[in-house]
Amino acid sequence: MYSFLGWCCECVYCSIPAGRFINRGFLNGPLCPVYGFGALAVIHCLTPVDFSLPLLFVCGLLVTSALEYFTGWLLETIFHAKWWDYSNMRFNIHGRVCLLNSVLFGLLGVFVMRVLHPFVGRMVGSLSFVTLIWFASALTTLLAVDLFLSVRTALQLSGKLDALRDALEDARARTDAVIMEKKLQLEGQRALPLSDRIDRLLEKGEGLRLHERLNALAGSHNALHRRMLDAFPHMQFPRSPASLDALRAGVARMRAEKKARKDAKRDGK
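Residues numbered from 1 in each chain as written. Predicted model: local features only at pLDDT ≥ 70, side-chain atom pairs only at ≥ 80, totals over all residues. Heavy atoms only, no water.

> Quick one: what's the story with the packing of aromatic side chains, residue by residue and with numbers?
Summed over the entire model, instances satisfying the criterion amount to 8 aromatic pairs. An angle of 75 degrees between the planes, with centres 6.0 Å apart, marks the rings of Tyr 35 and Phe 105 as edge-to-face. Of this pair, Tyr 35 sits in helix α2 (residues 33–46) while Phe 105 sits in helix α4 (residues 99–125), placing them 70 residues apart in sequence. Assigned by exposure class, Tyr 35 and Phe 105 land together as buried. Ring geometry for Trp 83 versus Phe 232: centroids 5.1 Å apart, planes at 75 degrees, classification edge-to-face. One end of the pair, Trp 83, is in the loop between α3 (53–79) and β1 (92–93); the other, Phe 232, is in the loop between α9 (223–231) and α10 (241–268), with 149 residues separating them in the sequence. Taken together, the ring pairs in this structure connect Phe 26, Phe 79, Trp 83 and Phe 232 into an aromatic cluster. Here Arg 24 stacks its cationic end above the ring of Phe 232, 5.5 Å away from the centre of that ring. The ring of Tyr 69 carries the charged tip of Arg 96 above its face, separated from the ring centre by 4.9 Å. (Phe/Tyr/Trp six-rings, centres within 6.5 Å; stacked < 30°, edge-to-face > 60°. Helix = DSSP H or I, 4+ residues; strand = E, 2+ residues; numbered from the N terminus. Buried < 20%, exposed > 50% of the residue type's maximum accessible area, 1.4 Å probe, protein only. Lys NZ or Arg CZ within 6 Å of the ring centre and 35° of its normal.)

So this is what it looks like as structure tokens:
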């Protein structure tokens, strides 16, 4: 329940500025487990200090910030990508947590302990044991399936970004080789952005297969890949930022082409 409520908050918080619905979170379904774990951590760890609002706020801030930091580190370690980044925020730690979010989480901790959890506890307590078992079994099964699909999607994205990185490095090596062979303003050519250097190759009738390879890699994505890229608009791929830029450009190009076909079909009618 807390994971679902957290997902609702994240979707509202991110969808309103974007002007469209964004399915936030690592999972595909309507759950943000970090909120569920955070709520349970607050409930189980802070009950002894529930008598004091200031103490409850400070301890809630520390517990939830530690959980967010650990979650960010774990995702970066497993998938080699930075899923969110608060580096541009003041008083951040490695871009994984920042003071503003920590304060908001501290306030949420107070709200959970004093308002939300007593209500949820009464509601869950009113259900029979058999009903709870059925609910728990069904939701655990759905969560396991969603977790499997989400982890597979993240691993696929990581592999795709690695492939794009290799293709871009190949492009860099080939452009350098052509520049060396033709002796065309070596230092000036090297100073050009990689995209411009690839365009120079194409103008000379070279690198066509390389261009097709880059387009194929950037364009080979499915709905789950696109959802995850939308869910984490500030995701970074430190090993090759250009790879993530190329993949996002491929998604944007696909969406623009789809919109153009839809508009053409509507105009035809």
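Once the structure has been displayed, the description carries forward.
> Can you explain α4? Please cite residues and give values.
At Val 112, α4 shows its strongest bend, of approximately 50 degrees. Residues of α4 that are buried include every one of Asn 101, Ser 102, Phe 105, Gly 106, Gly 109, Val 110, Val 112, Met 113, Leu 116 and Val 120, and no others. Looking at the buried residues of α4, the elements they touch are α1 (2–18), α2, α3 and β2 (97–98). (Bend = angle between axes of the 7 residues up to and from the residue. Contact = heavy atoms within 4.5 Å.)

> Explain unusual backbone geometry to me, and be specific about the residues and the numbers.
At Phe 91, a position not held by glycine, the phi torsion is positive, near 55 degrees. Examined against the element boundaries, Phe 91 turns out to sit in the loop between α3 and β1.

> With reference to specific residues and values, describe the environment of Trp 83.
A relative accessible area of 4% places Trp 83 in the buried class. Filtering out sequence-adjacent residues up to four positions away, Trp 83 remains in contact with Phe 26, Leu 75, Glu 76, Ala 154, Met 228, Phe 232, His 234 and Met 235. Looking at Trp 83, its side chain comes within polar contact range of the main-chain oxygen of Ala 81, at 3.4 Å. (Polar contact = N/O pair within 3.5 Å; in protein donor to acceptor, adjacent residues only side chain to side chain.)

> Could you give an account of the packing of α1 against α2, naming the residues involved and the relevant values?
It is the contact of α1 with α2, at a shortest axis distance of 7 Å, that shows an interaxial angle of 125 degrees. The angle between α1 and α2 places the two elements in the oblique class. In this structure, the crossing between α1 and α2 has a hand that is right-handed. Contacts between α1 and α2 involve Tyr 2, Ser 3, Gly 6 and Glu 10 on the former and, on the latter, Pro 33, Tyr 35, Gly 36, Ala 39 and Ile 43. (Axes fitted to C-alpha atoms, helices over the stretch in contact; angles between N-to-C directions. Parallel < 35°, antiparallel > 145°, perpendicular 65-115°, else oblique. Left-handed = near helix turned anticlockwise from the far one by under 90°.)

> With reference to specific residues and values, describe the nonpolar core.
Formed by 22 residues in total, the largest nonpolar core has its most connected members in Phe 26, Trp 83, Met 228, Phe 232 and Met 235. Elements supplying a minimum of two residues to this core: α3, α5 (129–182), α9 and α10. Counting residues per element, this core draws most heavily on α5, which supplies 4 residues. Core analysis: the second largest hydrophobic core is formed by 12 residues, Ile 43, Leu 56, Val 110 and Met 113 among them. (Core = buried A, V, L, I, M, F, W, Y, C linked by side-chain atoms within 4.5 Å.)

> Go over the environment of His 80 with me, naming the residues and quoting the values.
For His 80, the position within the fold is in the loop between α3 and β1. Its relative accessible area of 37% is what places His 80 among the partly exposed residues. Linking His 80 and Ala 154, residues 74 residues apart in sequence, is a C-alpha distance of 9.9 Å. Each residue touching His 80, except ones within four places of it in the same chain, is listed here: Leu 75, Ser 158, Phe 237, Pro 238 and Arg 239.

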